[in-house]
Amino acid sequence: MAVKTALREIVFDAICQLGIAAEDVPPFDIDVSRVEEHGDFTTNVAFLIAPGLGLTPREAASRIATFATGRNPVARAEAAGAGFVNLFLDRSWLSELVKTIDREGEGYGAWDFGRGTTVLLEYVSSNPTGPLTVGHGRQAVLGESLACILERCGYDVTREYYFNNMGAQMRLLAESVYCRYRQVMGEEAVFPEGGYEGEYIVDIAREIRGQRGGHLTDGDLELFKRDAEAAIFRNIRSTLARLGIVFDVFYNENSLHDSGKLTEVLNELAGKDLTYEKDGALWFKATDLGEENDRVVVKGTGEPTYLLPDIAYHREKYNRGFSTMIDVLGADHHGQVPYVLAGIRALDLDAERVKVLLHQFVTLVSEGKRIRMSTRKAAFVTLDELIDEVGVDAVKFFFLLRKASAHLDFDIELAKRESDENPVYYVQYAHARISSILQHAGRVGVEVVPGSSADLSLLTEPEETILIKWMARFPDIVRRSAETLEPHRIPFYLMDLAAHFHNYYHRHRVVTDEALLTQARVVLVKCVAQVLRNGLSLIGVSAPESM
RNA sequence: GCGCCCGUAGCUCAGCUGGAUAGAGCGCCGGACUUCGAAUCCGUAGGUCGCAGGUUCGAAUCCUGCCGGGCGCGCCA
């Protein structure tokens, strides 16, 4: 926002004027004021510099205000409260902002501070043992939104899905399918201990029966595994596609085994004397890197634990040249994060470049009771089912309506029953309503002019000022969402923007008898629709023309 | 026992890297459609920000200790 940059320079000059060297100026805030009496913008800088100057914050604020007053675009500045500096701008800044939004269109709210930075964003990463659950849904939506936000800030984002299709769990999957296969043919078969009980296993068994016939035996388990994996992955991809999520890379853990990357990591760790043998297993000396315990990397059976491929995988991310790596993980993984990071440090890689975004669990609540989710026990509601019930837009909006670090109670009945009252419709309705207004304007022959040639100084109603100021904050919201990896800020912002618009709508008419005023208001509401679209696109939610 | 997350209105949750009088949705109550979409709007009520200290101009926010809930702490992934 050009205005803010200008204000920042003025305040900066003011501080230097008070005798502070340019390099000693602390980072300070300049924000859109929340209350009208506090002007258009406010800064807290006086609090920060007062001690060093031997002044009270109030005195420092007062001097800054005197300096800033009259310097374009500041019409007037005043010290307030304990030491705030409130900046009152020439009213034209509001018009300028509307023109900016009108001109930038889809680009309004975008940044380029991420330009030149490549990001590997890993999320979902669910192994192909069953359909995606509601829990995966939260992660999928969270990760995808984050990807969009980072891209809007200029980052070059690669979306990656990491999975493992070997090992005990997949073997169990194959045995489960094989058992159902026999049962489908009316034969007796003992279901494996701890096997996958979901109905989808039976479906897969039937499919195999239909395509390959009934002659398969337990000697064909590898075949069952492959077919099951393929079927489940088809299902996972189709669910993701419904959410508009398309991964750039599906990274298979096996490739790390096959290409010898695991051995390389082991050798490197051994070379640094960071491994040792004990009880027939190979241990990683995580304690040497400041962690609480050492961890097994190769079991007594000769198989690696999950930790080894995890470290090797991250090493590959570095080798592939990414500047930043973001792992979106469920809270149940947080305990192992320190050990993976320790492994990264052990390999002399900069662990600071890995950011882990942990999200708390989704607890399903049905009829007031909590349901424990387990893929194996088939005690889950699939993401597909949830989408069927509530719709994709509502699912996404709902998942992003709370910060990742907070638990999410998902009441199934509530979501179904109140789907019409989901906040997503509130935001979408504002957009549809504006579309409707614009259609109406077209029907009655309003000449729609670009913001640059409309007389925006006619937008003087308090509700118009509030609306414009709120739109002015959008770029900051986007930036902050990217910096903190917190997509939930977007839907909250949009709900407020929609509220300000609905309020404005009820108090003022856009299409009036006055041609110039109508033109200006049409430009204004078009901008509101644009910002709504720009925000909704960051969370993958549609902006309907009508609903 | 140790680590991480959470505790804000009856319920579900925001609170912008410490800022001015703590907000929204749902629910309750009372109003607003002959005019651009009432899936909307306006108003009322509702708070010891879990508790107790500390840091400072200022704390829901940062630190410490408790209380309560969730999740981790494997030669499982």
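Residues numbered from 1 in each chain as written. Chains lettered and ligands numbered in written order. Predicted model: local features only at pLDDT ≥ 70, side-chain atom pairs only at ≥ 80, totals over all residues. Heavy atoms only, no water.

### Let's talk about the UniProt feature "domain: DALR anticodon binding" (unreviewed entry) in chain A
Here the UniProt-annotated "domain: DALR anticodon binding" (unreviewed entry) positions come out as residues 427–547. This span, residues 427–547, is 68% helix and 0% strand, and a straight line between its end C-alpha atoms measures 12 Å. (UniProt positions renumbered as here; feature names shortened; annotations may be inferred. Helix = DSSP H or I, 4+ residues; strand = E, 2+ residues; numbered from the N terminus.)

### A word on the pattern of salt bridges
Counted according to the given criterion, the structure contains 29 salt bridges. A salt bridge links Glu78 to Arg76, with the shortest nitrogen-to-oxygen separation between them at 2.9 Å. For Glu78, a relative accessible area of 29% translates into the label partly exposed. Judged by its relative accessible area of 39%, Arg76 is partly exposed. For Arg489, the salt bridge is made with Glu486, and the minimal N-O distance between the two is 2.4 Å. (Salt bridge = Lys/Arg side-chain N within 4 Å of Asp/Glu carboxyl O. Buried < 20%, exposed > 50% of the residue type's maximum accessible area, 1.4 Å probe, protein only.)

### A short note on the packing of aromatic side chains
What the rule picks out here adds up to 23 aromatic pairs. Between Phe163 and Phe233, the aromatic rings sit 4.8 Å apart at their centres with planes inclined by 80°, giving edge-to-face as the arrangement. Note that Phe163 is positioned in strand β6 (residues 156–163) and Phe233 in helix α8 (residues 221–242), a separation of 70 residues in sequence. Accessibility classification places Phe163 together with Phe233 in one group, the buried group. Following the ring pairs from residue to residue traces out a cluster consisting of Tyr123, Tyr161, Phe163, Phe233, Phe247 and Phe250. Here the guanidinium or amino end of Arg237 rests over the ring plane of Phe250, the centre of that ring lying 4.1 Å away. One residue, Arg433, lies across the ring of Tyr505, its end atom 3.9 Å from the ring centre. (Phe/Tyr/Trp six-rings, centres within 6.5 Å; stacked < 30°, edge-to-face > 60°. Lys NZ or Arg CZ within 6 Å of the ring centre and 35° of its normal.)

### What about the environment of Gly107?
Mapped onto the secondary structure, Gly107 falls in the loop between α4 (92–104) and β5 (118–122). Separated by 424 residues in sequence, Gly107 and Val531 have C-alpha atoms that sit 9.7 Å apart.

### Considerations on the side chain of His359
Assignment of secondary structure puts His359 in strand β12 (residues 354–359). The residues touching His359, leaving out its near neighbours within four places in the chain, are Gly135, Arg138, Gln139, Leu142, Val328, Leu329, Gly330, Ala331 and Ala404. (Contact = heavy atoms within 4.5 Å.)

### Comments concerning the protein's contact with RNA strand B
Close to RNA strand B lie 59 residues, the nearest being Lys299, Ser405, Tyr426, Ser436 and Arg480. Counting only atoms of RNA strand B within 4 Å of the protein, the fraction found in sugar and phosphate groups is 60%. Between Lys299 and RNA strand B, the recorded distance is 2.6 Å, taken from a side-chain N or O atom to a phosphate oxygen. Residue Tyr505 places a side-chain N or O atom 3.2 Å away from a phosphate oxygen belonging to RNA strand B. Among the secondary structure elements, those contributing two or more residues to the surface near RNA strand B are β4 (84–89), β9 (281–284), β10 (295–298), α16 (423–443) and α19 (489–507). The leading source of residues in the surface near RNA strand B is α16, at eight residues. Residue composition of the surface near RNA strand B, by class: 20 nonpolar, 21 polar and 18 charged. (Near = heavy atom within 4 Å. Polar contact = N/O pair within 3.5 Å; in protein donor to acceptor, adjacent residues only side chain to side chain. Nonpolar A, V, L, I, M, F, W, Y, C, P; charged D, E, K, R; others polar.)

### Examining empty space enclosed by the protein
The method is simple in principle: a probe with the dimensions of a water molecule rolls over the atoms, and the space it marks as empty is what remains. In total, this model carries one cavity of 30 Å³ or more according to the counting rule given. By volume, the largest cavity is sized at about 40 Å³. Around the largest cavity sit Ala140, Val141, Glu144, Ser145, Leu243, Ile245, Lys396 and Ile539, which together line it. If you tally residues by element for the lining of the largest cavity, the top one is helix α5 (residues 134–152), at four residues. Here the lining of the largest cavity is built from residues that sort into five nonpolar, one polar and two charged. (1 Å grid on protein atoms, 1.4 Å probe; cavity = no way out; pocket = protein on both sides within 12 Å on 5 of 7 lines; lining within 4 Å. Points joined across faces, edges and corners; volume = space filled by probe spheres on them.)

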